[in-house]
Structures are given as structure tokens and as C-alpha cells.
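# Examining the three-dimensional arrangement
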Amino acid sequence: MHMARSFRKSAFVMRNMKKQRNTAQKRIIMGALECADHPTATELYEDVHAVNPHISKATVFRVLSQYAENGEIRRLHLPGTDERYDATMTPHAHMRCAICGRIEDVSFPGLENILGASELEGFEIYSAELDFVGRCRQCAEAGRTLNGGDKETENTVSDGASA
Ligand SMILES: [Zn+2]
Ligand SMILES: [Zn+2]
């Protein structure tokens, strides 16, 4: 009899092996997300790829989508940039610098009540996002402005004037 061999190839074992491999891959992907700073799926894939080149781009994208749909991570739709992912689930808002693209977490008193929208009776909130777009402290200190070749912002102070 070839019990051992057939067991090794059985659907149960194959399924279990696949499950273990998927779990390991998800752990790597989620670990990378926790270390990254609001990455896009492509950026996260690059991080994951550096650690484990066997994980495909499709897997990274699929795992991110699954986790976002299950509400285990946040998918951010910040204006002016690609979709980004966030492993921090405590209520917080985002501030995106329109000049350098930096995204920072921000929190302030009362934010939790706004995002929880507890006063909206009869409306069950699944997710809420609050985004600010502006100029970050680093860009402000460096005197960087939004007029990087954009004709519509010709009235803003030029680099030459502020230097
Ligand atoms: Zn900036
Ligand atoms: Zn965040």
C-alpha cells in the first residue's frame, strides 16, 4: 500500500500546505506594511520582494485587498495620489504635503468623535477618513512652494524670492 505517499499528496495535505504558505506570506506582507509609511501597493510589493522574492505582485495586491475589505487594514484614497495602505487602525486623520508628497498621521482632541460619527443616529459607519492637504513643516522651513513649473501658481512666492 502507498498510504504515506497518497496521504502526502492528498487534498487535505495540499490544502494545509497551501494554507501555511499563505499564512507565512500574509505575515511577511503585513509585517512590511507595519514598517512602511502609508505605501502604495507597488511600494509595498517592492519592500516585500526585497525580503522574499518568491511572493508575487499579484499576491501582495490580493492580500492587501482582502485585508482592506475585512477591515483589518485601511485603504486610503488621499486626493492627488494613488491608493495607499495603513496598518494603524486607531482613529487618525492624514495630512498630505502637496509639495513633497509626505503623508503624516494626525490626531487632535475630538477626532475620534468625528470619525466615529456617533451623533449620526441610525447610520452605521463602516469607515471614515479625514484628509488634510497642505505644506509640511519640512517644506515650509525649506521655503519650498507649490510653484514647481505650474503656471496656475505664478502668484505664489518664487524660490528665488524666498532664498
Ligand atoms: Zn513637504
Ligand atoms: Zn495613517
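Below: a short report on this structure.

What counts, and where the lines are drawn
Residues numbered from 1 in each chain as written. Chains lettered and ligands numbered in written order. Predicted model: local features only at pLDDT ≥ 70, side-chain atom pairs only at ≥ 80, totals over all residues. Helix = DSSP H or I, 4+ residues; strand = E, 2+ residues; numbered from the N terminus. Buried ≥ 20, exposed ≤ 12 C-beta atoms within 10 Å, placed from the backbone. Contact = placed C-beta atoms within 7 Å. Axes fitted to C-alpha atoms, helices over the stretch in contact; angles between N-to-C directions. Parallel < 35°, antiparallel > 145°, perpendicular 65-115°, else oblique. Left-handed = near helix turned anticlockwise from the far one by under 90°. Nonpolar A, V, L, I, M, F, W, Y, C, P; charged D, E, K, R; others polar. Core = buried A, V, L, I, M, F, W, Y, C linked by C-beta atoms within 7 Å.

### Digging into the overall build of the chain
Broken down by element type, the chain carries seven helices and five strands. Along the chain direction, N to C, the helices and strands of the chain fall in the order α-α-α-α-β-β-β-β-α-β-α-α. Across the 163 residues that make up the chain, the buried fraction comes to 12%. Of the contacts made within the chain by residues no fewer than 6 positions apart, 43% connect residues no fewer than 24 positions apart.

### Structural notes on the packing of helix α2 (residues 11–35) against helix α3 (residues 41–51)
Viewed as axis vectors pointing N to C, α2 and α3 meet at an angle of 120°, and their least axial separation amounts to 9 Å. With respect to their mutual orientation, α2 and α3 come out oblique. α3 is crossed by α2, and the crossing has right-handed handedness. Judged by residue contacts, Ile 28, Ile 29, Ala 32 and Leu 33 of α2 engage Leu 44, Asp 47, Val 48 and Val 51 from α3. Residue composition of the contact of α2 with α3, grouped by class: seven nonpolar, no polar and one charged.

### Quick notes on the nonpolar core
Membership of the largest hydrophobic core is limited to twelve residues, which are Ile 29, Ala 32, Leu 33, Leu 44, Tyr 45, Val 48, Ile 55, Val 60, Val 63, Leu 64, Ile 73 and Tyr 85. Those elements giving two or more residues to this core turn out to be α2, α3 and α4 (57–69). If near-sequence neighbours (up to four positions away) are discounted, Val 60 is found in contact with Ile 29, Ala 41, Leu 44, Tyr 45, Val 48 and Ile 55.

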